[in-house]
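Given next are the chains, with one letter for each unit.
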Amino acid sequence: MKTLKASLPLLNAMVAFEAAARCASLTLAANELAIAQSAVSRHIANLETHLSIGLFERKGNRVILTPAGSILADAIREGLGTIRDAVNLLQAPERETLIIGSGYDLVQAWLMPRFELVTSQVKDGRVMLLTSSDPKALSEPEVAISIRFGKPEDWPGFVAEKLFDGEWFPVCSPTLLKRYPALGREDPSVFLDVPLLHLAAPPGAVDTWNAWIGTDRELAGPTFTSYLPMLHEAIAGRGAALAWMGFVEEQLRLGQLVRLPGASRRHGGAFHILTRRRTSATVQSVVKALRESAMTG
């Protein structure tokens, strides 16, 4: 069985032949390949001798393919095109995948309204969102950016830049406010007489209705393990909720919820955007855009 090398003519001869066939001129083919016309003629003559067939009919300075030459020219053009595409694929820079990680509620409430802003900064690649509450998952090497709640000293080895404070305040729908006009007063005790929506929290947590009102009594109302379902119930007018800054701006802007009177409460921690100490220009651009967005609300 013949090897590929033994079965096929020299590649240089085929390249010269394909150029002459496409240009219909030995001179133009020589100019394209940056070689002498005599070299093109020699390559084609060697190819015709190797195959024992005529590939061109010569008419002055022009060359016209024979039927056999047309078949070979089409095959070479297709083969060289396949090789060119493969080489381009191998040499093309790998498209960057920018992974941004955060908790599910923060991704949905704060990051998704800014997702177009993020993708506009990634010029040659794609963005992947990782939603996880596991700090280990957010610290994996492939995660370029993560958004977390806490203090900078909580994340050694990362650069932490504050996005917004850990601040919360009561909200309700306009319809609930009409039903309970006392909610317009700056008196925490008024919440003892209205339906309340609770977010699951460990004992002694500071961002609960018990802490807000200042009571140890058991408060009625459903408890949610996720922030967004609680907000949906608040929008539906089925209770007042404690909303974190950064999670509820869209609903306030649209008038689906109203912020009730009273000073907000602030946690010792804040929401930060975390990156590695050495980052790409794309990561820096995304971080800058998100921080500017957080500052302007």
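Scroll up a little and you will see the structure.
Source: prediction; values computed, not measured.

A. Layout of the overall build of the chain. Of the regular secondary structure elements, the chain holds 13 helices and 11 strands. The C-alpha atoms of the chain give a radius of gyration of 35 Å, which is well past the 19 Å a tight globule of 297 residues would have. A burial count over the chain gives 39% of its 297 residues as buried. Sequence separation of 24 or more characterises 71% of the internal contacts of the chain that already satisfy a separation of 6 or more. Carbon and sulfur atoms make up 55% of the accessible area of the chain, which amounts to about 16,900 Å² in all. Distance between charge centroids for the chain: 6 Å, based on 31 positive and 30 negative side chains.

B. Geometry of the packing of helix 3 (residues 26-33) against helix 4 (residues 37-51). At their nearest, the axes of helix 3 and helix 4 sit 8 Å apart, and the two run at 110° to each other. Between helix 3 and helix 4, the angle is such that the two are roughly perpendicular. Along the contact surface, helix 3 presents Leu 26, Thr 27, Ala 29 and Ala 30, while helix 4 presents Gln 37, Val 40, Ser 41 and Ile 44. Per-class residue counts for the contact of helix 3 with helix 4 are five nonpolar, three polar and no charged.

C. Region of the structure containing the pairing of strand 6 (residues 159-172). Within strand 6, 10 of the 14 residues are buried, leaving the element largely enclosed by the surrounding structure. Where strand 6 and strand 11 (residues 265-275) come together, eight bridges link them in antiparallel fashion. Residue pairing in the sheet places Trp 168 in a bridge with Arg 265 of strand 11. When strand 6 meets strand 9 (residues 241-244), the two strands line up antiparallel, connected through four bridges. Each residue of the ladder has a partner; that of Pro 170, found in strand 9, is Leu 242. Here strand 6 pairs with strand 10 (residues 258-259) via two bridges, running antiparallel. Bridging from a neighbouring strand, Cys 172 pairs with Val 258 of strand 10.

D. Here's a closer look at the side chain of Glu 48. When you line up the elements, Glu 48 lands in helix 4. Residue Glu 48 is classed as buried on the basis of its relative accessible area, which comes to 15%. Those residues in contact with Glu 48 that lie beyond four places of it in its chain are Ile 53, Gly 54, Leu 55, Phe 56 and Arg 58.

E. Main features of the side chain of Ser 25. Looking at where Ser 25 falls in the secondary structure, it is placed in the loop between helix 2 (11-23) and helix 3. On the basis of relative accessibility, which here comes to 8%, the residue Ser 25 falls in the buried class.

F. A look at the environment of Thr 282. Considering the arrangement of structural elements, one finds Thr 282 in helix 13 (residues 281-296). Excluding residues that lie within four positions of it along the chain, Thr 282 makes contacts with Glu 96, Gln 121 and Val 122.

G. Quick peek at the environment of Arg 179. Relative to the elements of secondary structure, Arg 179 occurs in helix 9 (residues 174-179). Residues Arg 179 and Val 194, spaced 15 residues apart in sequence, show a C-alpha to C-alpha distance of 9.4 Å.

The rules behind these values
Residues numbered from 1 in each chain as written. Predicted model: local features only at pLDDT ≥ 70, side-chain atom pairs only at ≥ 80, totals over all residues. Heavy atoms only, no water. Helix = DSSP H or I, 4+ residues; strand = E, 2+ residues; numbered from the N terminus. Rg over C-alpha atoms; globule rule 2.2 N^0.38 Å. Buried < 20%, exposed > 50% of the residue type's maximum accessible area, 1.4 Å probe, protein only. Contact = heavy atoms within 4.5 Å. Areas by Shrake-Rupley, 256 points an atom, 1.4 Å probe, with all protein chains shown as cover. Lys, Arg positive; Asp, Glu negative; His and termini not counted. Charge placed at Lys NZ, Arg CZ, Asp CG, Glu CD. Axes fitted to C-alpha atoms, helices over the stretch in contact; angles between N-to-C directions. Parallel < 35°, antiparallel > 145°, perpendicular 65-115°, else oblique. Nonpolar A, V, L, I, M, F, W, Y, C, P; charged D, E, K, R; others polar. Pairing = 2+ DSSP bridges.

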